[in-house]
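Listed here are the chains, written in short residue letters.
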Amino acid sequence: MRVTVIDYKAGNLTSVLKALRHLGAETVVTDGDLALLEAAERIVLPGVGHFAATGRLDATGLTPAIRAAITRGVPFLGICVGMQWLYAGSSEAPNQKGLTHFAESCTHFSESNEKVPHVGWNSLEIRPNSRLLAGVEAGEYVYFTHSYKAPVTADTAATTFYIEPFAAAVERGNVMGVQFHPEKSGATGLKILGNFLSWKEAE
Amino acid sequence: MITKRIIACLDVQDGRVVKGVQFVDIIDAGDPATQAARHAREGADEIVLLDITATHEGRQTLLDTVRRTARELFVPFCVGGGIRSADDAAQVFEAGADKVSVNSAALADPMLIDAIGRSFGAQAVVVAIDARRDPEAADPVRDAQVFVQGGRLPTGRRVVEWAREAEDRGAGEILLTSMNSDGMRTGFDCELTAAVSESVGIPVIASGGAGTVEHFVDVFGRGKADAALAASIFHFGISSARSLKEELAKAGVSVRLPC
């Protein structure tokens, strides 16, 4: 299985590549070579850091190439900011548009006495029929580090509670996203990445 | 529910884990990659590797060590010690670290925090603070003095105001070591930890003084810590992060279990 990993200079690319290779995937990295997206079998958009960094996807022409690949049915996984980019945008960078595959927008955690960023291991409440999270039990822990989050909607595959419920994972057909870091979430995270690598079109 | 993190800490010198008792009798405690993998397997929520090597040759050894340690490590991995510039940090990230911890260099040039945060995100910058209570100060706890150079050099900075500045500059977490408690095994400095934790909006990792399970219960409760560093404790009676967390769960602390 060959995975095209997108480098937009915002993230822990090394950790994501390591985890995918550990699972037996062959990885190729692109920061603008559109041919690598045209031939992609799987696409991963990692990311930690600021939503504004996704502007680089527009500047390099990667945004329309990713959109075309998704339309062709190529399985896509966005991680952290990479998941948030699937939405219309984020209040972190109001002038930067997301892909708008999901119509909603990401927002900062509500005012509270809790620490932000939300850093650490928190539990998943998994919705039925998620293929990305197949085999993950309710209450399993994954590692988060973020200050902005996506709302809970019909496309939400798992929710997590911190200050308020938010979308820990989103999934509609071949387009998937996780707010947590599967590459840093021990055995649970590797299982989720493994599900993504073995993902097939539903019959 | 968010859980309290137990972070395993490895002190590394010239590519080997070392263990000192009261800063003397430094003994070789194994290979960092092997030790990190063991701690992760035994339930640690995160691994911190602190380089205590000061030489240039040592820095190259460190990058090799980070690379080897990160290779098969699928939990968060923080590296500290001797990171003096955003370029130093970039090399450590490229080698596979998820976060860097900065201490003396950030006090010498606080802009370092801004620079690393801008390039790699706030979540990637941990500001480590070594503080000692100041009996001369109006408030000996909040005004505990910050030290650098492994606790040898007083800076005149006060712990709460420095922690706030670090947060304002974009630090993602504070790693707070109490020099009063460090190495004593008589418990974390809960007053100091609470004073800092209540003054900032970012997570605080408590360090220094752990000896028993009760000390961890105390620092997560009274000390308001979000995470606690366990260094030598695994050599003194508590066999693993997992067994520590099982005891913490019995005491009502929310931890990641099974792990």
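Note: the structure precedes this text.
Let me begin by describing the structure that accompanies this report.

What counts as what
- Residues numbered from 1 in each chain as written.
- Chains lettered and ligands numbered in written order.
- Predicted model: local features only at pLDDT ≥ 70, side-chain atom pairs only at ≥ 80, totals over all residues.
- Helix = DSSP H or I, 4+ residues; strand = E, 2+ residues; numbered from the N terminus.
- Rg over C-alpha atoms; globule rule 2.2 N^0.38 Å.
- Buried ≥ 20, exposed ≤ 12 C-beta atoms within 10 Å, placed from the backbone.
- Contact = placed C-beta atoms within 7 Å.
- Arc of directions from axis to C-beta.
- Axes fitted to C-alpha atoms, helices over the stretch in contact; angles between N-to-C directions.
- Parallel < 35°, antiparallel > 145°, perpendicular 65-115°, else oblique.
- Left-handed = near helix turned anticlockwise from the far one by under 90°.
- Nonpolar A, V, L, I, M, F, W, Y, C, P; charged D, E, K, R; others polar.
- Pairing = 2+ DSSP bridges.

On to the overall build of chain B, then. Along the backbone of chain B there are nine helices and 12 strands. In summary, chain B has a C-alpha radius of gyration of 17 Å against a globular reference of 18 Å for 259 residues, a match within 12%. Across its three principal directions, the C-alpha atoms of chain B cover 45 × 45 × 40 Å. Among the 259 residues that make up chain B, the fraction classed as buried is 52%. Here the analysis covers contacts within chain B between residues at least 6 apart in sequence; of these, 62% occur between residues at least 24 apart.

What follows covers helix H4 (residues 62-72) of chain A. Residues and elements named next belong to chain A. Residues Leu62, Ala65, Ile66 and Ala69 constitute the buried set of H4. Around the axis of H4, the buried residues are gathered within 100° of arc, so they sit on the same side. Along its buried surface, H4 packs onto strand S1 (2-6), helix H2 (35-38), strand S3 (42-45) and helix H3 (55-59). Glycine 73 occupies a position one or two residues after H4 and carries a positive phi of about 100°.

Residues and elements named next belong to chain A. Residue placement: asparagine 113 occurs in the loop between strand S6 (105-108) and strand S7 (118-123). Judged by local crowding, asparagine 113 falls into the exposed class, with 7 C-beta atoms found within 10 Å. Between the C-alpha atoms of asparagine 113 and isoleucine 163, which are 50 residues apart in sequence, the distance is 8.8 Å.

Moving on, we get to the interface of chain A and chain B. Counting from both sides, the interface comprises 27 residues of chain A and, opposite them, 26 residues of chain B. Secondary-structure elements contributing two or more residues to the side of chain A that touches chain B are helix H1 (13-22), S7, strand S9 (141-146), strand S11 (156-162) and helix H6 (186-197) of chain A. With six residues, the top contributor of residues to the side of chain A that touches chain B is S7(A).

With that settled, consider the packing of helix H3 (residues 86-94) of chain B against helix H5 (residues 111-120) of chain B. Residue and element names in this part refer to chain B. Here H3 crosses H5 at 40°, and the two axes come no closer than 9 Å. One finds that H3 runs oblique with respect to H5. Classified by chirality, the crossing of H5 by H3 is right-handed. Residues Ala86, Ala89 and Phe93 of H3 pack against Ala115, Ile116, Ser119 and Phe120 of H5. When the residues that make up the contact of H3 with H5 are grouped by side-chain class, the tally is six nonpolar, one polar and no charged.

Our next topic: the pairing of S9(A). All names here are of chain A. Within S9, six of the six residues are buried, leaving the element largely enclosed by the surrounding structure. Of the two faces of S9, both are covered, the one formed by Tyr141, Tyr143 and Thr145 as well as the one formed by Val142, Phe144 and His146. Relative to S9, S7 is paired through six bridges, and the arrangement is antiparallel. Paired with asparagine 122 across the two strands is valine 142, which belongs to S9.

Residues and elements named next belong to chain A. As summarised here, the arrangement of the three strands in space is S5-S6-S10, forming an open sheet in which the pairing is mixed. Among the strands making up the open sheet, the edge pair consists of strand S5 (89-90) and strand S10 (148-149). Pairing of S6 with S10, which is carried by two bridges, proceeds in the antiparallel orientation. Bridge pairing in S10 links threonine 107 to lysine 149.

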